[in-house]
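Tertiary structure, described
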Amino acid sequence: MVVLANTPTEQISIIKPQKAHVHFSNIPIIDLSKPGCEIAIVKALEDFGFFKVTNHGVSKEIMSKLEAEAVKFFSLSQVEKDKAGYPNPCGYGNKRIGGNGDFGWVEYLLFEINSKPISSTSLGFLREHCASLFCSALNEYISSVRKLSSNVLELMAQGLGIKQRDIFSKLVTSQESDSMFRLNHYPACPLLKELNCNLTGFGEHTDPQLISILRSNNTNGFQIALKDGGWLSVPPDEGSFFINAGDILQVLTNGRLRSVKHRVLTNGSKARVSMIFFGGPPLNQMITPLPQLLKGEEKKYIDFTWADYKKAAFKSRLADNRLALFERE
Ligand code: GA4
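Predicted model only: the values in this text are computed from it and were never measured. (Residues numbered from 1 in each chain as written. Predicted model: local features only at pLDDT ≥ 70, side-chain atom pairs only at ≥ 80, totals over all residues. Heavy atoms only, no water.)

Adjacent strands of a sheet pair through backbone hydrogen bonds, lying either parallel or antiparallel. Taken in spatial order, the 8 strands make up an open sheet running β4-β5-β13-β10-β15-β8-β7-β6, and their pairing is mixed. Strands with a single pairing partner mark the edges of an open sheet, and in this sheet they are β4 (29–31) and β6 (91–97). Strand-to-strand twist of the sheet, defined as the mean angle between neighbouring strand axes without regard to direction, takes the value 25°. Where strand β10 (residues 211–216) lies against strand β13 (residues 241–245), 4 bridges are found, and the strand directions are antiparallel. Looking at the pairing, S212 lines up with N244 of β13. Most of the contacts of helix α4 (residues 128–159) go to β10, to which it runs at about 130°, and overall it touches β5 (50–54), β7 (102–113), β8 (179–186), β10, β13 and β15 (272–279). (Pairing = 2+ DSSP bridges. Helix = DSSP H or I, 4+ residues; strand = E, 2+ residues; numbered from the N terminus. Axes fitted to C-alpha atoms, helices over the stretch in contact; angles between N-to-C directions. Contact = heavy atoms within 4.5 Å.)

Next up, the structure:
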């Protein structure tokens, strides 16, 4: 791995193709309309921490409407985009990820999601007409993927044999749920084609929340880490969603469901646009392994609230193992 240095503090890693990169077409694909999908979800999260869903109930129109608005925003001039405000952590970000020295070949808009729809005044950096179009596409999309996340979390509880179906889903559907949403644009970097290299778009990390629902255009670049440390390239599919478990789900299941490490490598010829919903619990929610799943097993984590975890997470570097702070000796 070599490093592309813009300034001494802004470094984005260039990744040389490695033999260890596996291109796998049989990642777990789960058809949500099929009986038995609850078992398949649990198996996929135990084995990979990740799966793709089809028959998910979100219309193509809702997806493409938001993608078109995102593309419109990212095509604005730098001066216009900068008006959206420095991400702290929400707002418009360009290359800088979080506040602790991480960089990637990506620009993005990050939003905090609570029970209220995003108001077009929070998109005041856009002209009034554009803000209201963007805002309605955003809210329509977010409410559909929130529903999808709740369906999947209910199926998960069922697959784990937990009687209380809403044990996970109520955390993301609650009025107090603290979720996030991001729109990412990974511009193509043609120089990479000549060098036969990839540039880190978004460096390796796990997601802090319970569940992440990702949709991207048909550009590749998304990879997940396998148990043996190799990287698996996930073929894109703009009609499906990719779902991964986050750290909180790993804790609630005492490590049974894996919060998988993932990253995005930038493409030499085609821009990638992705939209991700991160379903998080209420800030004061106590996070502890569910007694229903312990069956005499020791808890692997100490008790903490989502607010404690979030505070620590936002102080960490992207690649840090954030759960290490909360593991029992
Ligand atoms: C990873 C998952 C989400 O994209 C995110 C990210 C957040 C950010 O972009 O500000 C973080 C990252 C994410 C984890 C560690 C901290 C915080 C960047 C970073 C270095 C919005 C989130 O919730 O955590």
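Turning our attention to the confidence of the model for the chain. Mean pLDDT over the chain works out to 92, with 94% of the residues at or above the 70 mark. Among the scores for the predicted complex, ipTM is 0.99 and pTM is 0.94. (pLDDT = per-residue confidence, 0-100.)

Okay, the nonpolar core next. In this structure, F168, F181, L183 and L210 are the most contacted members of the largest nonpolar core, which totals 70 residues. The element best represented in this core is α4, accounting for 14 residues. Ignoring anything within four residues of it in the chain, the contact list for L183 reads L66, A70, F74, E107, Y108, L109, F111, F134, S274 and M275. Residues F48, L110, F222 and V234 belong to the second largest nonpolar core, which totals 22 residues. (Core = buried A, V, L, I, M, F, W, Y, C linked by side-chain atoms within 4.5 Å. Buried < 20%, exposed > 50% of the residue type's maximum accessible area, 1.4 Å probe, protein only.)

A few words on the packing of helix α2 (residues 60–74) against α4. Running from amino to carboxyl end, α2 crosses α4 at an angle of 140°, the nearest separation of the two axes being 9 Å. Considering their axes alone, α2 and α4 lie oblique with respect to each other. Considering only the axes of α2 and α4, their crossing is left-handed. Residues I62, M63, K65, L66, E69, K72 and F73 of α2 touch α4, and the partners they reach there are C130, L133, F134, A137, L138, E140, Y141 and S144. When grouped by side-chain class, the residues that make up the contact of α2 with α4 number 10 nonpolar, 1 polar and 4 charged. (Parallel < 35°, antiparallel > 145°, perpendicular 65-115°, else oblique. Left-handed = near helix turned anticlockwise from the far one by under 90°. Nonpolar A, V, L, I, M, F, W, Y, C, P; charged D, E, K, R; others polar.)

Right, let's get into the pairing of β7. Within β7, 10 of the 12 residues are buried, which leaves the element mostly enclosed by the surrounding structure. Bridging between β6 and β7 involves 6 bridges; their strand directions are antiparallel. Its bridge partner being in β7, R96 is matched across the sheet by F103. Hairpin connection from β6 to β7: 4 residues lie between these consecutive antiparallel strands, with G98 at a positive phi of about 65°.

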